[in-house]
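Structural features, examined
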Amino acid sequence: MSMQLCRVDVADFDRVLTQINDPYERCRAFSALTRVNVLYMIMRAGSGHLGSSFSAADIVSHLLLSELDEPFTPDGDVYFSSKGHDAPGLYAALIGLRCLPEDLLHRLRRLGGLPGHPDVHTPHMAFNTGSLGMGISKAKGLILADRLLGRSRRVFVLTGDGELQEGQNWEALASAAHRGMGELTVIVDHNKLQSDTWVSEVNDLGDLEAKFSAFGWGALRCDGHDFRDLEAALRKRAESFPGQPAVVIADTVKGAGCATFAATSMRPGEWRYRFHSGAPSPEDYRTAHEELVAEADAVLRRNGLGPLRVVAEGPLPERRAGDRPRLFQVYGEALAGRARADRRIVALDADLVLDTGLIPFSREHADRFFEFGIAEQDMVSAAGGLAAGGLVPFVNSFSCFLHARPNEQIYNNATEGRKVIYVGALAGLLPAGPGHSHQAVRDVAALSAVPGLRVLQPANAAEVEAALDHCLATDRSVYLRLESVPVPDEVAALPAGPLVPGRGRVVRQGGRVVVIGAGPTVLGQVLGACELLAPEGLDPTVVNLPWLNEVDPEWLTGLLREADHVIVVENHYRRGGQADTVARALLAAPPPHRPSFHGIGLTEIPRCGADDEALGAHGLDAASLAAAIRDVTTGDLTTRDVATRDLTIPTRD
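**So, the overall build of the protein chain**
In terms of helices and strands, the protein chain carries 23 helices and 19 strands. Relative to the compact-globule value of 26 Å for 653 residues, the protein chain shows a C-alpha radius of gyration of 26 Å, a close match. When the backbone C-alpha atoms are referred to their principal axes, the protein chain occupies close to 85 × 55 × 55 Å. The 653 residues of the protein chain split such that 58% are buried.

This is the structure in structure tokens:
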């Protein structure tokens, strides 16, 4: 019999809430049940943040059950997580309190379900978080609004200790003290780990109590897994610092409550915590589930409630990892290889050494690898200094963070005219599970206007190699946009010769409808659309144009000399991306035969869900693209959200 995926029924939460009188035992039982359901949710979704959800579970249980006054009413106390990684834990608690429907347990990171990070469209989520460092500032704004409106309530914000590396946190502290915000309590989930490794090994935060105190905050410390200690710390906070903001540094263990996931169970010398994100293996699930159920069952029995009843929801989902490397892995190996011959190459990372492919570089060239932690602005400005010293810095993070928070620093580097290579992983709509805070679909627009910065998106491993060669050969700065999803087989097989700026390559020779795109997702779906259209006799020409913010007019004129329609499909918002670049080039140097122009891309905030759900929701899956191409070909554009413009240019004298 296959291993079963199991959860706890909300009726068992009801038993805990109504039949356990001791408040500490009630919290202990409640958090034990939420951990069982967090494991179920993440295992079913295939991704999520276990470690943070488990380390914060006892804090969240105490706040919701024992501390907050009327938390789910318009004028009640407010709690939210600034880091947002622990969203599954908060969801499980809210479901256990019947504040969210129970069936949402099955819909973590699914379209129309529970987003990977908090979103205000989910009940009881005060703010969109997951983009780190913003929570204290948002809480201050809410308190200012409350004061203007005559409302009196407390605001509790949970932060991570890794998150405190973001500078905005420290910007927020002084004015909160200056304004005497006694309504504000920050709780630090001090589990001592960040995405990759130990905080102390990246950017040691030092004496947090002293730092907060220096800003005029009250500062306390407690055991974040001891309900009596939590209660005492919050009581002291109210008594000792009634007229000023305060921080409670809650010492916790990442993955607490389960030996399989607990950081205290890490093997000697193990530098990376394995359960920060993603679903555990079936073997880890089995042992962890047994541990969690045994703990919850023991608490229930100790309080006279009898055995814990688990609900089997079918076999574990089958997930095939596959043997196709991701582009960031290809990039990391290739960069390490090129650094052997070029001592100018240095690599900078923002606490994502695994997900940006830099483990090979960090091991082989440790003296030229610089870990900056969760501090992108600092990292980008430091890259400017490295470039000034004659080196070639490769700056790495997720695209969503790299293009946005340090945008001013990127522009400042550009004004100095020194070469910096920015490498953004996790680019585009996919994976869609983490939600819009992690979906980089405005990065091309944000960076295309930076003078001298070239935006380049490779489609497969061969093109990554060629892109690296270009980055090293050119005098210009480059933003290398890397998708993190597996490359489809048909895209992996596409040839990639030397890259010529502004020029693309026909990867499917067809008729007078020319479809332009870049990257594995778009090209894979476009080629799939062509297969769907073939039985109808429709035969589009498909072009891979990896340059997202420049086009060679002469090449484009030749490509579209006999085209009737040109369609640009992009893994990006429809405004400010490759479609606008191509349209501008067509207007500046129109071919003799003037095609109609159509742009297809995102038009709304990206949806969270399974990858196929998100592609379909935004009209970027093969079936939707086939329908759009069909509509363009037949002239029926009434049923599809396709940006269309007739590029009719007045005749020149």
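**Quick look at the nonpolar core**
Most often, soluble globular proteins have nonpolar side chains that are buried together. Formed by 87 residues in total, the largest nonpolar core has its most connected members in Tyr 331, Phe 394, Ile 516 and Leu 556. For this core, the element with the highest residue contribution is helix α11 (residues 327-341), accounting for eight residues. Excluding residues within four positions of it along the chain, Phe 394 makes contact with Tyr 331, Leu 335, Ile 345, Val 346, Ala 347, Leu 348, Ile 421, Val 423, Leu 468, Cys 471 and Leu 472. In terms of nonpolar packing, the next biggest core, distinct from the first, is built from 73 residues, Phe 30, Val 36, Met 41 and Leu 220 among them.

**Observations concerning the packing of helix α13 (residues 376-388) against helix α15 (residues 407-415)**
Direction vectors running N to C along α13 and α15 enclose 5 degrees, while the axes themselves pass 8 Å from each other. Between α13 and α15, the crossing angle belongs to the class labelled roughly parallel. Residues Gln 377, Val 380, Ser 381 and Gly 384 of α13 lie in contact with α15, whose contacting residues are Gln 409, Ile 410 and Asn 413. Grouping the constituent residues of the contact of α13 with α15 by class yields two nonpolar, five polar and no charged.

**Observations regarding unusual backbone geometry**
Note the cis peptide between Leu 430 and Pro 431, where omega equals 0 degrees. Unusually for a residue other than glycine, Asp 351 sits at a positive phi of about 65 degrees. Structurally, the position occupied by Asp 351 is in the loop between β8 (345-349) and α12 (359-364).

About the cut-offs
Residues numbered from 1 in each chain as written. Predicted model: local features only at pLDDT ≥ 70, side-chain atom pairs only at ≥ 80, totals over all residues. Heavy atoms only, no water. Helix = DSSP H or I, 4+ residues; strand = E, 2+ residues; numbered from the N terminus. Rg over C-alpha atoms; globule rule 2.2 N^0.38 Å. Buried < 20%, exposed > 50% of the residue type's maximum accessible area, 1.4 Å probe, protein only. Core = buried A, V, L, I, M, F, W, Y, C linked by side-chain atoms within 4.5 Å. Contact = heavy atoms within 4.5 Å. Axes fitted to C-alpha atoms, helices over the stretch in contact; angles between N-to-C directions. Parallel < 35°, antiparallel > 145°, perpendicular 65-115°, else oblique. Nonpolar A, V, L, I, M, F, W, Y, C, P; charged D, E, K, R; others polar.

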